[in-house]
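A closer look at the structure
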Amino acid sequence: MSVFIGFVLFWGVSYAGYEAGRRVKVPAPAILGPILAFMVLAFFGIKLQVPSWQKPALSVLTGILLGIRMKHSMKGIYKQVLVYAVWLILLTIAGVWLLTAIGIDKETAFFAATPGGMAEISLMSLNYHSDPFVTVLLQSSRMLISMAVFSAIGSRYRLSTAEEGKETDRKPEKPENPRISLLLWCVLIVISLAAAALLGKLHVPVPNILGPMLVIGAAVKGGKYECKIPRRVQTFVQMGIGGLTGSSISRESMMGLPHYILPVILLSTLVILSGLLMAFLLMRFTDWDKATCIMSCCPAGLSPSIMVAMEYGANANIVTVFQVLRMVTVLIATPLMVEWML
């Protein structure tokens, strides 16, 4: 009974935080809303018991959602993709060095400095001894500031309607790909769970995310399946991740907020300047339009970056490849670097 009550309270608080965040227009309300709701409870000394099975379950769902996104072709852009992946790793190392130099512990610095998806990084950090409050604070600050800066710069290079028409004319319509059947989904989920268990036995970091991501990604890419992520499912997973992250934040961590103003400024500056440098290099060595180069290197949220790119008439396929690559590279490289460098 206590497990059931804990489950109901957890999702009740998470949903209430999401609704409140959505109504007051908090960025990424499905993640930040539940985090803020649990932070309010922690501030008043209320600590809810979270069922232990929820973290692995949400990790598997997160891996599946990431795998679905691994469907875009990298044909003709392999060199740019390789350079971009190396840049992400070097940027992470530079961010870790910067944060540790000003007094933040190494494990927290790793997850706070990685320019990946906030939900995935927050979930991953819960497997280590990092400070979830500092991780969320620096990740959300990086996401918001980067989105504002890159959107403002990208708007200067918005393609005209005529130019967008030319881009569209060059791309012939492709026949619709087959959808994954219910039976195939069941098979893929079973294989994903088996892959997660195998990676766990081999002591691979975050196996519950990597296993399903690789299995679903290989199936979607290899079978050329059309698989759209239901918005409600994505919101549900993000709410759960936000709730898990928020429930792990202590009152003592929140009291140290003034001490993290300098890390927020320094890390955001590093990430934004390095992202603009990478965008400049793409402009210099490719024939892509400037809006595509800028939004491809935007170290903010995946969905907002792609939506802004589409609004500006940029090449959404290239932007999506780079944004998904950013998440996958960070997801794979970060835990390996943590194991190697700590």
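Residues numbered from 1 in each chain as written. Predicted model: local features only at pLDDT ≥ 70, side-chain atom pairs only at ≥ 80, totals over all residues. Heavy atoms only, no water.

Once that is clear, we can look at the overall build of the protein chain. Within the protein chain, the regular secondary structure consists of 16 helices and zero strands. In the protein chain, which comprises 342 residues, the proportion classed as buried is 53%. (Helix = DSSP H or I, 4+ residues; strand = E, 2+ residues; numbered from the N terminus. Buried < 20%, exposed > 50% of the residue type's maximum accessible area, 1.4 Å probe, protein only.)

All right, on to the confidence of the model for the protein chain then. Confidence along the protein chain averages 82 in pLDDT terms, with 89% of residues attaining 70 or more. Taken element by element, the predicted model of the protein chain shows its lowest mean pLDDT in helix 8 (residues 161–170) (48) and its highest in helix 13 (residues 261–285) (93). Overall, residues 167–173 carries pLDDT values under 50, and its contacts beyond four positions in sequence, including any with other chains, amount to two contacts. (pLDDT = per-residue confidence, 0-100. Contact = heavy atoms within 4.5 Å.)

This brings us to the packing of aromatic side chains. Applying the stated criterion to the full structure yields ten aromatic pairs. Note on F43 and F44: the rings are 5.4 Å apart at their centroids and 90 degrees apart in plane angle, and the pair reads as edge-to-face. Residue F43 is classed as partly exposed on the basis of its relative accessible area of 36%. Site record: aromatic cluster; members linked through ring pairs are F7, F10, W11, F38, W53 and F236. The side chain of R251 reaches across the aromatic face of F43, ending 5.0 Å from its centre. Its guanidinium or amino end placed over the ring of F285, R284 lies 5.4 Å from that ring's centre, counting from NZ or CZ. (Phe/Tyr/Trp six-rings, centres within 6.5 Å; stacked < 30°, edge-to-face > 60°. Lys NZ or Arg CZ within 6 Å of the ring centre and 35° of its normal.)

What follows covers the environment of Q238. The topology assignment puts Q238 in helix 11 (residues 231–247). Once the C-alpha coordinates of Q238 and M118 are considered, the two residues, 120 residues apart in sequence, prove to be 9.8 Å apart. Those residues within four positions of Q238 in sequence are excluded, and the remaining contacts are A30 and I31.

So, on to the side chain of T329. Secondary-structure assignment places T329 in helix 16 (residues 316–341). The residues touching T329, leaving out its near neighbours within four places in the chain, are A85, L88, I89 and T334.

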